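Next come the chains, spelled out residue by residue.
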Amino acid sequence: MGDPVKSDTQTNGIHKTNGHHHEELKIAIIGQSNFAAEVLELLLERDHLVVGVFTIADKGAREDILATTARHHRIPVFKFPAWRRKGVPIPEVLEQYRSVGANLNVLPFCSQFIPMEVIDGAGYGSICYHPSILPLHRGASAISWTLIEGDERAGFSIFWADDGLDTGPILLQKQCTVNGDDTLDTLYKRFLYPAGVTAMGEAVDMIAAGTAPKIPQTEIGASYDPALFREENQYLNVNQPAVRIFNFIRGLDSVPGALAVVQMEDGQEVPVRLYGASLSAKRNLVSAKPIHFKGSSAECPAFVTREGIFITGTDGALVRVKRLKRGNRVIPAGQWFEQANAKATPLVLSEKEQERDMLLRSIWKSILKVEIETETDFFACGAGSMDVVRLVEEVKDTLEVPISNETLFMAPMYGEFLQEVVQRLRTGGSNGDRATTVDYKRVVLKANRRQISVPTQLFINGRFVDAEGAKALPIVNPTNEQVICEVASASKSDVDEAVQAADEAFRGVWMSVSARERGQLMYKLADLMEQYKEELATIESIDSGAVYTLALKTHVGMSIDAWRYYAGWTDKIEGSTIPVNPARPNHALTFTRKEPIGVCALITPWNYPLMMLSWKMAACIAAGNTVVIKPAQVCPLTALKFAELTVRAGFPAGVINVVTGTGSLAGQALTDHPLVRKLGFTGSTPIGKRIMASCAESNIKKCSMELGGKSPLVIFADCDLERAVRLGMSSVFFNKGENCIAAGRLFVEDRIHDEFVRKVIRGIRTMKIGDPLDRATAHGPQNHRAHLEKLQEYCAIGLKEGATLLYGGKRVPNMDGLFFEPTVFADVEDHMYIAREESFGPIMVISKFHASDFDALVARANSTEYGLASGVFTKDIQKALLFAEKVEAGTVFVNTYNKTDVAAPFGGFKQSGFGKDLGKEALNEYLKTKCVTVEY
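Residues numbered from 1 in each chain as written. Predicted model: local features only at pLDDT ≥ 70, side-chain atom pairs only at ≥ 80, totals over all residues. Heavy atoms only, no water.

## Concerning the overall build of the protein chain
Next, step 1: A count of helices and strands for the protein chain gives 29 helices and 42 strands.
Next, step 2: Viewed in the frame of its principal axes, the protein chain has a C-alpha envelope of about 115 × 70 × 55 Å.
Next, step 3: Relative to its full complement of 936 residues, the protein chain shows a buried share of 56%.
Next, step 4: Summarising the internal contacts of the protein chain: among those between residues at least 6 apart in sequence, 70% fall at separations of at least 24.
Next, step 5: On the protein chain, roughly 40000 Å² of surface is accessible, and the fraction owed to carbon and sulfur atoms is 51%.
Next, step 6: The average position of the 103 basic charges and that of the 111 acidic charges among the side chains of the protein chain differ by 4 Å. (Helix = DSSP H or I, 4+ residues; strand = E, 2+ residues; numbered from the N terminus. Buried < 20%, exposed > 50% of the residue type's maximum accessible area, 1.4 Å probe, protein only. Contact = heavy atoms within 4.5 Å. Areas by Shrake-Rupley, 256 points an atom, 1.4 Å probe, with all protein chains shown as cover. Lys, Arg positive; Asp, Glu negative; His and termini not counted. Charge placed at Lys NZ, Arg CZ, Asp CG, Glu CD.)

## Points about a nonpolar patch on the surface
Next, step 1: A surface patch of nonpolar side chains, amounting to about 280 Å² of accessible area, comprises Leu 589, Val 934 and Tyr 936.
Next, step 2: Mapped onto the fold, Val 934 is located in strand E42 (residues 927-935). (Patch = residues over 30% accessible without salt bridge, like charges linked within 9 Å, V, L, I, M, F, W, Y side chains within 5 Å. Salt bridge = Lys/Arg side-chain N within 4 Å of Asp/Glu carboxyl O.)

## Notes on the confidence of the model for the protein chain
Next, step 1: In this model, the protein chain carries a mean pLDDT of 92, and residues with pLDDT of at least 70 account for 95%.
Next, step 2: The low-confidence segment residues 1-15 (pLDDT under 50) makes 36 contacts with residues lying over four places distant or belonging to another chain.
Next, step 3: This model gives residues 429-436 a pLDDT under 50, and the stretch forms 16 contacts once residues within four places in sequence are excluded. (pLDDT = per-residue confidence, 0-100.)

## Focus on the UniProt feature "binding site: (6R)-10-formyltetrahydrofolate" (unreviewed entry) in the protein chain
Next, step 1: In the numbering adopted here, UniProt assigns the feature "binding site: (6R)-10-formyltetrahydrofolate" (unreviewed entry) to Gln 112, Phe 113, Ile 114 and Asp 166. Spanning 55 residues, the annotated positions come together in the fold, the maximum distance between their C-alpha atoms being 14.0 Å.
Next, step 2: Relative to the elements of secondary structure, Ile 114 occurs in the loop between strand E7 (104-107) and helix H4 (116-119).
Next, step 3: On the secondary structure map, Asp 166 appears in the loop between strand E9 (153-160) and strand E10 (170-177).
Next, step 4: Given the relative accessible area of 12%, Asp 166 is considered buried.
Next, step 5: Those residues in contact with Asp 166, other than ones at most four positions away along the chain, are His 130, Leu 134, Arg 138, Gly 139, Phe 159 and Gln 217.
Next, step 6: At 2.9 Å, the side chain of Asp 166 and the backbone nitrogen of Gly 139 are in polar contact. (UniProt positions renumbered as here; feature names shortened; annotations may be inferred. Polar contact = N/O pair within 3.5 Å; in protein donor to acceptor, adjacent residues only side chain to side chain.)

## Observations concerning the sheet that holds strand E38 (residues 869-873)
By definition, the strands of a sheet pair up through backbone hydrogen bonds, in either a parallel or an antiparallel sense.
Next, step 1: Taken together, 7 strands build an open sheet; the order of strands is E34-E35-E36-E33-E32-E38-E39 and the sheet is mixed. Sheet topology places strand E34 (804-807) and strand E39 (891-894) at the edges, where each strand pairs with a single neighbour. Each strand of the sheet is rotated relative to its neighbour by a mean of 20°, with strand direction disregarded.
Next, step 2: The pairing of E34 with strand E35 (residues 823-826) spans 3 bridges and is antiparallel. Bridge assignment links Thr 804 to a residue of E35, and that residue is Ala 826.
Next, step 3: The strands touched by helix H23 (residues 721-733) are strand E32 (711-715), strand E33 (743-749), E35, strand E36 (843-849) and E38; relative to E36, the strand with the most contacts, the crossing angle is about 130°. (Pairing = 2+ DSSP bridges. Axes fitted to C-alpha atoms, helices over the stretch in contact; angles between N-to-C directions.)

Take a look at the structure:
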């Protein structure tokens, strides 16, 4: 910023007033706007006498803020529609001006033509503010031309008005550097406005002190630029170097916006305004779609990607445009084709709605202190958190419309906000009410005395869409092996679209949602899951074969718990300060930031479809990431119903995406995608190894793996036997044995072995096997046919190797569906296949042990490549704690089993994987730590 131009001499054409004035300044302020109002306030604070304020006439019922401010200070206010008529001063206007006896006119910002009789009518003359370094950029669009011409410095001049256009002698000038990301708006708000107000006060002080210079303007380098309020001057020439394109767009951002005309394939010409330009590094535009601007040459192509519109300059460099305005609607430029192909539904306001528009504008104006246009951005105008609260509460009270902070975050521009408010007033509901009309292809499940609509399409960028080529896969009900429906099967291109949407959301709208607001969305989602829990549990039963009562309590119940638990964590993720040794005599501050990773991919299994989704995704979303999930190929329906609930909850488009299909195609595409930076997987160890290899080869993704298990459960003779039998059965048969932490091998002390086995078999005989929707059923069908056949093969191997089959081992006879009998093998020796490998089914594998060698027992328990879970039943606390210390497993249960909780970390060792689900530790799987050091 330069110093005011001053001089103590009267040579070289520089003049100043000498000495102090004996006559007190009597100031008339002529102009309008917040800028003029702040100048008035400043002059009054400095004890200057303001004898009158002259401003524009009221617009409807609204007067200019300068008039309001003057009346507050009881200063005479005069409102003139014009000062001249047919080029001649209006006598009564001149008379009213002269009535105040002003000897200095101050024109901070004035859009009217002021007669020379007024300019010269004050004894000390008239001073004006002009937002350029005169004689550069004379005229009404000085700030814009400063940017358009690529000036390195911007500034303003306060000059003595004469009969020319911005040609009078200079009183003072101040300058600032033009930053690379400056726009018309930012330059004005950052420097020209605040420094300009202060400088107007300095100028009046100098006049009062008799030290104000009058420095004649040189005509060398002078420029007079066309007025950009004329539409013909607002058109962008795309056939020029990229930096010229960039400067023109930012010079008109955000009012009025650079004009361009898009030529559509059908010959239609669509005028648009461009905002948010930046000079862009070279991008991979392979998947980009071409867009043609009228007048552009073949050497200057333009493309649309999810990141925006990229315009090629004549020098081959790229300009990225983030937003554009079509008609009255501002949209992300990357959504041009989606919006262009959608049926336009212009907002036509009724007479009553027009009145509400006026009220809404007045609320915005009272907060932002600027004139409100359709494209006025609430946050770009400098609004803070208290302004958000004030706006929301005033709109709710004044218009009686149910909105929240998220409404503003999702629609920060006035035109969008108005449309949102009007739509809610018309429907009488909230965003959640309107979201019930989300359009999708569906299957209607008729079960549990309900009719449940379930989407069957991919969920990408907030919409349900068909897979490429309408490809689909059949989904089979394991209870009767009948096809429920066909569900979209994602291609590599579909997965790319989902990842691109997640990436755009992460870098855009999701970043504007605060941590606490993120938690509120998660709580809202959990409430909706609670509201629809019976539907979700029914879908889970039909789709995966889960017993309904278990699905309600665990599959769905623990899913809801996970979302609520992590919703509470969103605003408690924090870094730390670290004492370091600075280079003396300097000081240093070192701190860490916990930041979201970005786009995360989740691949979940078929045993707990909704719960595995929730365990992973809740932590992922809480940490601030966006996500693409591929649920299990054979049971994706709860994930798709969940996607519908995310829309109802108000999650922004692109934050959560669901791609259904095969692991070999959709799953592989996710693991290979370069924009995915984190992958969470639950499934088998062999598939986990392949996924890790893909993660390494693609872009070294961070990954967490919850893989296979062969969890040992040790039952000592001193245990509570009834409890051990009951929980031992649950450890194996819970959820039909399709349980990652199922006890894959039971070690039972020889003294109680036979009694334990008898009680287990007696218990099995009381279990009801059948329709999972029957509330009395304890054991439902296996998830899918291929898995049932593997269980049959597993049992055949056990028999062949010499294990004793005491119960089951086969498909339930005379029953349709994929039902497998609860099975018990005894006399299992350590070398046998069934002692080493996981069945993932309702198969109990029992081995004896003698209590004399505790270390040998632990060694047998650890003699596996898996280390997911373990358990011990004993009344001897020493044995229990020693076992917990020595066993190589991520989870140890003592005198219980399957006792998981959303607050307790869950994950395995060795080939059972690494990383954690649940608990605080799971957040670290979806965060990265950044270290910042500041030396001062």
